[in-house]
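Structure at a glance
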Amino acid sequence: MSIKNWKRRGDWLELMPGKVVTGSSDKQMAVEQWLQSELQLPEKMLRQLQANQGIQLAGDRLRLALFASRPIDVEPRWAEIDVLYEDDFCLVVHKPAGMKLHPDGSRADTAITLDHAVASYYEMSGIQASVRHVHRLDEDTTGPVLYAKNTFALAKLDEAMRNKEIGRHYVAIAGGQIPQTLQLINAPIGKDRHHKQRRRVSPNGQEAITHIQLVEVFPKATLVRLTLDTGRTHQIRVHMSYAGHALIGDELYGGAPDRIGRQALHGELLVFKHPLTGAVIKVADPWPDDFKQLIDRVSK
């Protein structure tokens, strides 16, 4: 897919499909085929747009009602957020340590989550869109989180997640000196029957694959970069603990306590294809201060 000529006009996306559509004797059929082949529009969305008169062809212009206003379905609660990337389809924001991604539904949980903060950002920016994150980060893991700003973007990005086409690159500080031979951990992960919050390597768990690259080895710790082929809950934390190199600060999985007060894990790069144009988008998230300060401490 390579859509180059497009414009947003209010609630409408305007495209120029070319003579394959405009020169066809059966324009309705040609529009359907073009939307499914070139735009890769999901069948369900195509039918919804047709039912709501959301497809218009006028001359050489094809218009789709992809930006129709939708209610902000999460309570807007202000918190300062760092926007790393934004366009009409996607939003990427930095998630700080100590902030949950979304409300857990309990009345006792009154903390502001990243979803709350994004809802507030939408409200203040005049964006009428549902709050939809595409992937997750643990409460104490920092890094970029991708949001889809309309149903088309959500459908395309969810499909990319299922197909493992969204790259999430992490950096971490693990305990001990990791050998060069530890480059891959392929070990299934399941729930820990004895601890509600924990996960563990289990023969009956789900497939989990983590790639490891050594960056620098310190006297009692190692700086590593990690990428995931799968996205299991606590995957990096579980795998590194299983390998005997639990992340510093990750006391839940046996990591050495440290004044960082959290697992030393940060998402430093997010890579995905733009849902409309197919262009590769790379969003970097600089290392947070507490992570850099920990490196200073373990390097001495």
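This text follows the structure it describes.
Rules and cut-offs
- Residues numbered from 1 in each chain as written.
- Predicted model: local features only at pLDDT ≥ 70, side-chain atom pairs only at ≥ 80, totals over all residues.
- Heavy atoms only, no water.
- Pairing = 2+ DSSP bridges.
- Helix = DSSP H or I, 4+ residues; strand = E, 2+ residues; numbered from the N terminus.
- Contact = heavy atoms within 4.5 Å.
- Axes fitted to C-alpha atoms, helices over the stretch in contact; angles between N-to-C directions.
- Parallel < 35°, antiparallel > 145°, perpendicular 65-115°, else oblique.
- Left-handed = near helix turned anticlockwise from the far one by under 90°.
- Buried < 20%, exposed > 50% of the residue type's maximum accessible area, 1.4 Å probe, protein only.
- Polar contact = N/O pair within 3.5 Å; in protein donor to acceptor, adjacent residues only side chain to side chain.

Some details on the sheet that holds strand β8 (residues 143-148)
With antiparallel pairing, four strands are arranged side by side in an open sheet as β5-β6-β8-β7. A single partner strand is all that each edge strand has here, and the edge strands are β5 (82-86) and β7 (132-133). Pairing of β5 with strand β6 (residues 90-95), which is carried by four bridges, proceeds in the antiparallel orientation. Across the sheet, residue Y85 finds its bridge partner in β6, namely V92. Its contacts with the sheet place helix α4 (residues 114-125) against β5, β6, β7 and β8, and it is angled at close to 130° to β6. Relative to β8, helix α5 (residues 151-162) is tilted by about 125°, and along the sheet it contacts β6, β7 and β8.

Here's the deal with the packing of helix α2 (residues 27-37) against helix α3 (residues 43-51)
Relative orientation of the contacting elements α2 and α3 amounts to 140°, with a least axis distance of 10 Å. By the angle class used here, α2 and α3 are oblique. Relative to α3, α2 is oriented so that their crossing is right-handed. The segment α2 lies against α3, with E32, L35 and Q36 engaging E43, L46, R47 and Q50.

As for the sheet that holds strand β15 (residues 265-273)
The strand order across the open sheet built from six strands is β10-β13-β14-β9-β15-β16, with neighbouring strands paired in antiparallel fashion. If you trace the sheet from one side to the other, it starts and ends with β10 (184-186) and β16 (280-284), each paired once. Sheet twist, expressed as the average angle between the axes of neighbouring strands with direction ignored, equals 20°. Bridging between strand β9 (residues 167-175) and β15 involves six bridges; their strand directions are antiparallel. Within β15, the position partnered with A172 by the bridge is L265. Of the strands in this sheet, β9, β10, β13 (209-217), β14 (221-228) and β15 are in contact with helix α6 (residues 235-242), which crosses β13 at around 70°.

Focus on the side chain of N150
Looking at the secondary structure, you find N150 in the loop between β8 and α5. The exposure class assigned to N150 is buried, which follows from its relative accessible area of 8%. Within the structure, N150 has its side chain in polar contact with the backbone nitrogen of F152 (distance 3.3 Å).

Some remarks on the side chain of T277
With respect to the helices and strands, the residue T277 is situated in the loop between β15 and β16. A distance of 3.1 Å separates the side chain of T277 from the backbone nitrogen of A279, its partner in a polar contact.

Looking at the environment of H266
Here H266 shows up in strand β15. With relative accessibility at 0%, the residue H266 sits in the buried group. Residues H266 and T142, 124 residues apart in the sequence, show an inter-C-alpha distance of 4.8 Å. The residues touching H266, leaving out its near neighbours within four places in the chain, are H94, T142, G143, H169, Y170, V171, D285, P286, W287, P288 and F291.

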